[in-house]
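Residues per chain, in single letters:
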Amino acid sequence: GESVVDTSGAVYSYEYNDTDVTYNAGSDAGEYLVTVSGLEADNYYFTCTTAGTLTVNRRQINLTVTASGKTYDGSAVNVTVSPNNAFGGDTINYAYTYTYNGSSSDLSGASAAKNAGSYTVTVTLGEGGDTANYVLVAEDGYSASFDILKRELTAAFGETAYEITYGDADPDTGSIYGITYSGWAPGENESLVTSVVYDTERDGTDYAPGAEHGSAG
């Protein structure tokens, strides 16, 4: 008589990269070989002679890239990336490339742009974690632009008036001027001052040894 095939006990086994694995939602993208066992019928026994193929495609995602400009403070701008349509709590790593003042730059990483200037950061997929299971909708990546503005640094003379003797050299070393600076970014100070050029004139003429006595400004 007719025999009904009972599939209630069917067990599907998976092989991935020549290794027996258990497939679950969130298993890596790629190609799996599938075999079945546990089929039953009154008049038959079953042998699985060929394997099926299950292809798990990479998941498409969009990225939202955020980078806020600021005034230079000695610290880097932090670029944040939010994936849209990622699975569960997957770890997705990113690669960062920058342009600086319109030219390509060797900066990389989420916190790399520090110096004053104009930047564009482009984010693509990196490596490691669960990254290989994803593909970007925009193949060239996702970008954000921002500016780091120059910080105002105030230079002040120690006194309002200075005197030298006729024939003396211009005291351009600053030995008598006592220039002080205020407005440094946190952690920075006068140690960054390498040289100072003093512009000293009298009635539109640069000072030189032998200049006539009088006041220069």
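Before reading on, note that the structure itself is shown above.
Let me begin by describing the structure that accompanies this report. (Residues numbered from 1 in each chain as written. Predicted model: local features only at pLDDT ≥ 70, side-chain atom pairs only at ≥ 80, totals over all residues. Heavy atoms only, no water.)

1. Let's talk about the pattern of salt bridges
Per the counting criterion, the structure on display carries one salt bridge. Of the charged contacts, one joins Lys-70 and Asp-73 as a salt bridge, the two residues approaching to 2.9 Å between their closest N and O atoms. (Salt bridge = Lys/Arg side-chain N within 4 Å of Asp/Glu carboxyl O.)

2. What about the pairing of strand E10 (residues 117-129)?
Where strand E8 (residues 92-100) meets E10, eight bridges bridge the pair, whose relative direction is antiparallel. Each residue of the ladder has a partner; that of Thr-99, found in E10, is Thr-120. Looking at chain direction, E10 and strand E12 (residues 142-149) are connected through seven bridges and run antiparallel. Across the sheet, the residue bridging to Gly-117 is Ile-148, located in E12. (Pairing = 2+ DSSP bridges. Helix = DSSP H or I, 4+ residues; strand = E, 2+ residues; numbered from the N terminus.)

3. Some words on the sheet that holds strand E5 (residues 59-66)
With mixed pairing, three strands are arranged side by side in an open sheet as E7-E5-E11. With one partner strand each, in any of the chains shown, strand E7 (80-84) and strand E11 (134-136) form the two edges of the open sheet. Across the sheet, the mean angle from the axis of one strand to that of its neighbour is 45°, orientation sign disregarded. The pairing of E5 with E7 spans five bridges and is antiparallel. Bridging across to E7, Thr-64 finds its partner in Ser-82. (Axes fitted to C-alpha atoms, helices over the stretch in contact; angles between N-to-C directions.)

4. What to know about the sheet that holds strand E9 (residues 103-104)
A sheet is described by the order of its strands in space; here five strands give the open sequence E6-E12-E10-E8-E9, paired in mixed fashion. Among the strands making up the open sheet, the edge pair consists of strand E6 (70-71) and E9.

5. Describing the side chain of Asn-133
Relative to the helices and strands, Asn-133 is located in the loop between E10 and E11. Within the structure, Asn-133 has its side chain in polar contact with the side chain of Asp-28 (distance 3.1 Å). There is a polar contact of 2.7 Å between the side chain of Asn-133 and the backbone nitrogen of Ala-29. Residues in contact with Asn-133, not counting those within four places in the same chain, are Asp-28, Ala-29, Arg-58 and Arg-59. (Polar contact = N/O pair within 3.5 Å; in protein donor to acceptor, adjacent residues only side chain to side chain. Contact = heavy atoms within 4.5 Å.)

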